[in-house]
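# An overview of the molecular structure
Letter by letter, the chains look like this.
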Amino acid sequence: MTLVSPMYQNPYAGFPLNSGSQGQMRPSLPALPIGLGSPVASVASPASYYSFLPSRQKAPYRFAVMGDAGTGDLNQALVARQMSFWHQVMPYNSVMVLGDNVYKNGEPALFPERITRPYQDLQRQGVRFFPVLGNHDVKKGFGDWQLAYWGVPPFYNFKLGPPGFEVEFWAIDTNLLIPQSILEGQGNPALARQKAACQMAWLTQSLAQSTASMKVVYGHHPMASTGANTKSGRAFEQQLVASQLGPLFSRYGVDLYMAGHEHHYEKPALVSGTYHLVSGAGGKVDSAKRGGPEGNGLMKQLHFMLFEITSQGLTYRTISSDGKFIDCGKIPRKGMPGAQLYAYA
């Protein structure tokens, strides 16, 4: 499966991120199974390796999600500590990172402090991180530098889950869907526009060709959230993202779209056949006046999410920085009964 159009060439490939080389700065992570199918394809007997029953030894069907974490302060550390703790209780092998990974301007000098150090315990245990870029990551033109640090291309796809129940994920750069972000946050606007066209062509083709039992797309900017009502420019951003992604999601049956950007939690809601969730409080939380009032599925608490792939779909738990379940529910496979969404306040 082609990840990026051959037309796009990363101008920062091989460029030193600071006085050391990329190899010295990048986290020591296993090779990412980008576009190559299941990351456990080398297992001799997949059928015996996978199980839908909870097990400390069998976790390739579990993954975590976090967003807007890169503060480098106590808030990020508290969420990271809970992620490490829950990895011991309910092991997972992948983390989807929803952007704004390095506040405030994506500075390369802060990569070790904001990207590597908080999660080094998970990285040592082989947990893989699948990031996308947020608006703060590209604000000063360092987006490609950060991608090189993580070791991923600008947009990519991969699969997780047992044979017959695989979930395919598409990690996209939603900054490329917003013209103002291209003008202000990309080092080379002309190259960014080319990259944006490549991303949409790739996403359209790969969604159309996918045979996965469930499809999940994630990026930084939401298509719908309460932030549109309380933050300047948010409504226009959401309209831009929704107008470009919404028709693709409907046409190709995307089950779930995950985003950050808003520094709170919004439980999954079904919109035009696709569930949408917002998980953007991995290191920051909205004030009382920003992001709308709490209630009706919106919670202003530091958190991450823990998902499990089952024969029925995706189950999730939303876990606060003090280790409490603040929400849990299900995203059903298409054709199955509606999701059972409920919250523990």
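Look up: the structure comes first, before these words.
A brief structural summary. (Residues numbered from 1 in each chain as written. Predicted model: local features only at pLDDT ≥ 70, side-chain atom pairs only at ≥ 80, totals over all residues. Heavy atoms only, no water.)

Moving on, we come to the sheet that holds strand E4 (residues 156-160). Strand order in the open sheet formed by seven strands is E4-E5-E6-E7-E9-E8-E10, with mixed pairing between adjacent strands. Since the sheet does not close on itself, it has two edges, and those belong to E4 and strand E10 (298-299), each with one partner. Sheet topology places E4 next to strand E5 (residues 167-171); five bridges connect them, and they run antiparallel. Looking at E5, one finds that asparagine 157 is bridged to tryptophan 170. (Pairing = 2+ DSSP bridges. Helix = DSSP H or I, 4+ residues; strand = E, 2+ residues; numbered from the N terminus.)

The next point concerns a positive patch on the surface. A cluster of like positive charges, contributed by Lys104, Lys139, Lys140 and Lys284, occupies part of the molecular surface. As for its placement among the helices and strands, lysine 284 is situated in the loop between strand E9 (274-279) and E10. Here lysine 284 falls in the partly exposed class, since its relative accessible area comes to 32%. (Patch = residues over 30% accessible without salt bridge, like charges linked within 9 Å, V, L, I, M, F, W, Y side chains within 5 Å. Areas by Shrake-Rupley, 256 points an atom, 1.4 Å probe, with all protein chains shown as cover. Salt bridge = Lys/Arg side-chain N within 4 Å of Asp/Glu carboxyl O. Lys, Arg positive; Asp, Glu negative; His and termini not counted. Charge placed at Lys NZ, Arg CZ, Asp CG, Glu CD. Buried < 20%, exposed > 50% of the residue type's maximum accessible area, 1.4 Å probe, protein only.)

Before going further, it helps to examine the pairing of strand E13 (residues 325-332). Within a regular beta strand, the side chains point alternately toward one face of the sheet and then the other, so they alternate between its two faces. The buried fraction of E13 amounts to six of the eight residues, a majority that puts the element mostly inside the structure. In this structure, strand E12 (residues 313-320) lies alongside E13, joined through seven bridges in antiparallel fashion. Bridged to threonine 318 within E13 is aspartate 327. Between E12 and E13, which pair antiparallel and follow one another directly, the connecting turn spans four residues, one of which, glycine 323, has a positive phi of 85°.

Counting 59 residues, the largest nonpolar core has Met83, Tyr218, Met258, Phe307 and Leu314 as its most contacted members. At five residues, strand E11 (residues 303-309) tops the list of elements feeding residues into this core. Among the nonpolar cores identified, the runner-up in size contains 19 residues, and Leu177, Trp202, Leu245 and Val254 belong to it. (Core = buried A, V, L, I, M, F, W, Y, C linked by side-chain atoms within 4.5 Å.)

The geometry of helix H9 (residues 189-209) relative to helix H10 (residues 234-252) is characterised by a closest axis approach of 10 Å and an angle of 15° between their N-to-C directions. As summarised for this structure, H9 and H10 are arranged roughly parallel, according to the angle between their axes. In the crossing of H9 with H10, the sense of the turn from one axis to the other is right-handed. Where H9 abuts H10, its residues Met200, Leu203, Thr204, Leu207 and Ala208 lie against Gln244, Leu245, Leu248 and Tyr252. Tallied by class, the residues present in the contact of H9 with H10 amount to seven nonpolar, two polar and no charged. (Axes fitted to C-alpha atoms, helices over the stretch in contact; angles between N-to-C directions. Parallel < 35°, antiparallel > 145°, perpendicular 65-115°, else oblique. Left-handed = near helix turned anticlockwise from the far one by under 90°. Contact = heavy atoms within 4.5 Å. Nonpolar A, V, L, I, M, F, W, Y, C, P; charged D, E, K, R; others polar.)

The amide bond that connects tyrosine 103 to the next residue, lysine 104, takes the cis arrangement and shows omega of 0°. Along the polypeptide, lysine 104 turns up in the loop between strand E2 (94-97) and helix H4 (111-116). Positive phi outside glycine occurs at aspartate 68, with the angle close to 55°. Relative to the helices and strands, aspartate 68 resides in the loop between strand E1 (62-66) and helix H3 (74-89). Backbone geometry at serine 272 places phi at a positive 50°, although glycine is not the residue there. Structurally, serine 272 can be placed in the loop between strand E8 (265-271) and E9. Accessibility expressed as a relative area gives 62% for serine 272, which makes it exposed.

Scope: geometric values only; no functional claims are made or implied.
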